[in-house]
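Coordinates in review
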Amino acid sequence: MSNGSSITHFLLLAFTDRWELQLLHFWLFLGIYLAALLGNALVITAIACDHHVHSPMYFFLLNLSILDLGSISTTVPKAMANSLWDTRAISFSGCSAQVFFFLFLMSAEFFLLTLMSYDRYVAICKPLHYGTLLSSRACVHMAAAAWGSGFLNAVLHTANTFSLPLCQGNAVDQFFCDVPHILKLSCSHSYLREFGLVMFTAFVFWWCFVFIVLSYVQIFRAVLRIPSEQGRLKAFSTCLPHLAVASLFISTAMFTHLKPPSISSPSLDLVAAVLYSVVPPAVNPLIYSMRNQELKESI
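This section reports on the structure supplied with the text. (Residues numbered from 1 in each chain as written. Predicted model: local features only at pLDDT ≥ 70, side-chain atom pairs only at ≥ 80, totals over all residues. Heavy atoms only, no water.)

**So, the overall build of the chain**
Note the threshold: Segments assigned H or I by DSSP are reported as helices when at least four residues long, segments assigned E as strands when at least two residues long, and all are numbered from the N terminus. Put simply, the radius of gyration uses C-alpha atoms, and a globule should come to 2.2 Å times the residue count raised to 0.38. Each residue is placed in one exposure class: buried if its accessible area under a 1.4 Å probe, protein chains only, is under 20% of its type's maximum, exposed if it is over 50%, and partly exposed if it falls in between. Two residues form a contact once any of their heavy atoms are found within 4.5 Å. Accessible areas in this description were obtained via Shrake-Rupley with a 1.4 Å probe; residue shielding takes into account the shown protein chains only. Counting rule for charge: Lys and Arg are taken as positive, Asp and Glu as negative, and neither His nor the chain ends is counted. In this description, the location of a charge corresponds to atom NZ of lysine, CZ of arginine, CG of aspartate or CD of glutamate.
In terms of helices and strands, the chain carries eleven helices and two strands. In sequence order, the secondary structure elements of the chain are arranged as β-α-α-β-α-α-α-α-α-α-α-α-α. Computed over its C-alpha atoms, the radius of gyration of the chain comes to 20 Å, within 12% of the 19 Å expected for a compact globule of 299 residues. For the chain, the C-alpha atoms occupy an extent of roughly 65 × 40 × 35 Å along the three principal directions. Of all 299 residues assigned to the chain, the portion counted as buried reaches 47%. Long-range contacts, defined here as pairs at least 24 residues apart, represent 78% of the contacts in the chain between residues at least 6 apart. Put simply, the chain shows about 14,300 Å² of open surface, and 69% of that area lies on carbon and sulfur atoms. Here the chain carries 15 positive and 14 negative side-chain charges, and the mean point of each set is 9 Å from the other.

Quick look at the structure:
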């Protein structure tokens, strides 16, 4: 019986067997990647350089853009290189690093989205307490907690996953190294410890999502009391896309990690992975930033 130490590399999922379609996937991912780089880099530069946008909301947005840049750079460049060079291989250490950084950055991002919903709740529902509840020190502590929680989650999952004996070959049925697909390679019953950790993480993420939803319910109740129809439309047009992205992220991620094996298929897994790993970092600059007049003027 082989274990993880005897595997020197993994084989990632090929999008297609046809070279022409592989090139098409390369150009598609390249366009998405460049759009994400440009959008998030503009946001980071604008917030860092313009003192007019130095507020808690933009501080959290700065952190979000940094996390988005890191998360999409963890998975998409390797997938593009594999499509361009018609290869599937990734080293064992490269796969381990990809799992760690992806879990670290995406977990921290979801915790940060939770904090951003709290920021909007306080700003709209408790504006007189905004300066007290979201002081500079409090914002730094909350952001550090999000980054630290993401780091701890990544360490636990990466250590658990790659300590399992792997007996089912080295072919990962995904375009990047993802925990559920590596668990499929483990020996029978050896994955139960990691599955328990996945369930605990899903429980924590679910309650974060419940907190986000409840925050926006309170926000919408406050918005409906705004006498100006234009003001209500502006608030709804800003908040609804935020909630939509958070919902897309948590629903597709939990579907990927918790779905029963009986409904698993490569195409379904691929679509779900793209929706929670590629789409949010690319669209977040548009949803959180480009719709904001202050930030557009700063850019």
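Next comes the rest of the write-up.
**Focus on the packing of helix α2 (residues 56–85) against helix α3 (residues 92–125)**
Selection rule: In this description, a line fitted to the C-alpha atoms serves as the axis of each element, helices being fitted only across the stretch in contact, and the angle between N-to-C directions of two axes falls anywhere from 0 to 180 degrees. Roughly parallel covers angles under 35 degrees, roughly antiparallel covers those over 145, roughly perpendicular covers 65 to 115, and oblique covers all other angles. Should the near helix be turned anticlockwise from the far one by less than a right angle, the crossing is left-handed, and should it be turned clockwise, the crossing is right-handed. All amino acids are sorted into three groups, where Ala, Val, Leu, Ile, Met, Phe, Trp, Tyr, Cys and Pro are nonpolar, Asp, Glu, Lys and Arg are charged, and the leftover types, Gly among them, are polar.
Taken N-terminus to C-terminus, the directions of α2 and α3 make an angle of 155°; their axes are 9 Å apart at the nearest point. What the angle tells us is that α2 and α3 run roughly antiparallel. Crossing angle aside, the handedness with which α2 passes α3 is left-handed. Among the residues making up the contact of α2 with α3, the classes are represented as 15 nonpolar, six polar and five charged.

**Quick word on the state of the cysteines**
Rules: Disulfides are defined in this document as cysteine sulfur pairs within 2.5 Å.
Taken as a whole and judged by the stated rule, the model has one disulfide. With a sulfur-sulfur separation of 2.0 Å, Cys95 is cross-linked through a disulfide to Cys177. Across the S-S bond linking Cys95 and Cys177, the dihedral sits near -125°, which makes this disulfide left-handed. Placement of the pair is Cys95 in helix α3 and Cys177 in the loop between α5 (136–162) and α6 (179–183), with a sequence separation of 82 residues. For the pair shown, Cys95 and Cys177 are each scored as buried. Sulfur of Cys139: no disulfide; nearest cysteine sulfur belongs to Cys125 and is 17 Å away.

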